[in-house]
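Now for the letters of each chain:
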Amino acid sequence: SIFVDHRGYYHMLFNALPYKCVPKFEQGGHAWSIDGINWSTPRIGAFDTTIKFTDGSSMKCERRERPQMVVGKDGQPVVMVSAVTGCPKALGDDSLDGDGRFYRGADDSFTLVQRMGAGTE
């Protein structure tokens, strides 16, 4: 996804899963541009696989894909929308059958909308 920030700079967020899409903690790629034509060298770590909830709890998943940034009228990021997969079935539930810690199959992914900016942790 490409978006323009409050300064008029372009930002690109993208999947960054090198080597056969093996799950990694830091997955989000980021590049920026002043003119939308000439881009910086992409960097990894723009986002990771840990989802932080408003109650202070968190959940670590295997992959996060297809990032899209929603910006407000002022150009500040408001939320990031992404697909998430390989998450625990339930927070703090260690009694699941087999290794059943992670979803697999048709129910394996969901769309996450996560607030951005100061005071969201």
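For the structure itself, consult the block above.
Keep in mind the model is a prediction, meaning the values are calculated, not measured.

1. Concerning the nonpolar core
Nonpolar side chains tend to gather and get buried jointly when the protein is soluble and globular.
In step 1: Listed in full, the 6 residues of the largest apolar core are Ile51, Met59, Cys61, Val84, Cys87 and Leu112.
In step 2: The next biggest cluster of nonpolar side chains, apart from the first, holds 5 residues, and it includes Phe3, Leu13, Phe47 and Met80.

2. Observations regarding the pattern of salt bridges
In step 1: This model, assessed by the stated rule, comprises 3 salt bridges.
In step 2: Its salt-bridge partner being Arg63, residue Glu65 comes within 2.1 Å of it at the nearest N-O pair.
In step 3: A relative accessible area of 13% means that Glu65 is categorised as buried.
In step 4: Here Arg63 falls in the partly exposed class, since its relative accessible area comes to 24%.

3. Notes on the environment of Val79
In step 1: As for its placement among the helices and strands, Val79 is situated in strand 8 (residues 77–85).
In step 2: Residues Val79 and Met69, spaced 10 residues apart in sequence, show a C-alpha to C-alpha distance of 6.1 Å.
In step 3: Each residue touching Val79, except ones within four places of it in the same chain, is listed here: Gln68, Met69, Val70, Val113, Gln114, Arg115 and Met116.

4. Points about the sheet that holds strand 8
Strand pairing in a sheet relies on backbone hydrogen bonds, with the paired strands running either antiparallel or parallel.
In step 1: Read from one edge to the other, the open sheet built from 3 strands follows the order 7-8-9, with strand pairing classed as antiparallel. On the outer flanks of this sheet lie strand 7 (63–71) and strand 9 (109–115), each paired with one strand and no other. Averaged over all adjacent pairs, the angle separating strand axes in this sheet is 20°, with direction ignored.
In step 2: Inspection of the sheet shows strand 8 paired to strand 9 by 7 bridges, in the antiparallel sense.

5. Points about the sheet that holds strand 1 (residues 2–4)
In step 1: An order of 1-2-3-4 is seen for the 4 strands of this open sheet, with the pairing classed as antiparallel. Two strands lie at the open edges of the sheet, namely strand 1 and strand 4 (43–44), each paired on one side alone.
In step 2: Both strand 1 and strand 2 (residues 10–15) contribute to a ladder of 3 bridges, which runs antiparallel. Its bridge partner lying in strand 2, Phe3 is registered against His11.

6. A look at the pairing of strand 3 (residues 28–33)
In step 1: Of the pairings in the sheet, the one linking strand 2 to strand 3 comprises 6 bridges and is antiparallel in character. Within strand 3, the position partnered with Phe14 by the bridge is Gly29.
In step 2: Sheet topology places strand 3 next to strand 4; 2 bridges connect them, and they run antiparallel. Bridge pairing links His30 to Arg43 in strand 4.

7. Thoughts on unusual backbone geometry
In step 1: Despite not being glycine, Arg66 has its phi angle at roughly 50°, a positive value.
In step 2: Its place among the elements puts Arg66 in strand 7.
In step 3: Assessed through its relative accessible area of 53%, Arg66 is described here as exposed.

8. Observations regarding the environment of His30
In step 1: When you line up the elements, His30 lands in strand 3.
In step 2: Under the relative-accessibility criterion, His30 is labelled partly exposed at 24%.
In step 3: On a C-alpha basis, the gap between His30 and Ala46 in space is 5.8 Å, while along the polypeptide they are 16 residues apart.
In step 4: Not counting chain neighbours up to four residues away, the residues in contact with His30 comprise His11, Met12, Leu13, Phe14, Thr41, Pro42, Arg43 and Ala46.

Parameters at a glance
Residues numbered from 1 in each chain as written. Predicted model: local features only at pLDDT ≥ 70, side-chain atom pairs only at ≥ 80, totals over all residues. Heavy atoms only, no water. Core = buried A, V, L, I, M, F, W, Y, C linked by side-chain atoms within 4.5 Å. Buried < 20%, exposed > 50% of the residue type's maximum accessible area, 1.4 Å probe, protein only. Salt bridge = Lys/Arg side-chain N within 4 Å of Asp/Glu carboxyl O. Helix = DSSP H or I, 4+ residues; strand = E, 2+ residues; numbered from the N terminus. Contact = heavy atoms within 4.5 Å. Pairing = 2+ DSSP bridges. Axes fitted to C-alpha atoms, helices over the stretch in contact; angles between N-to-C directions.

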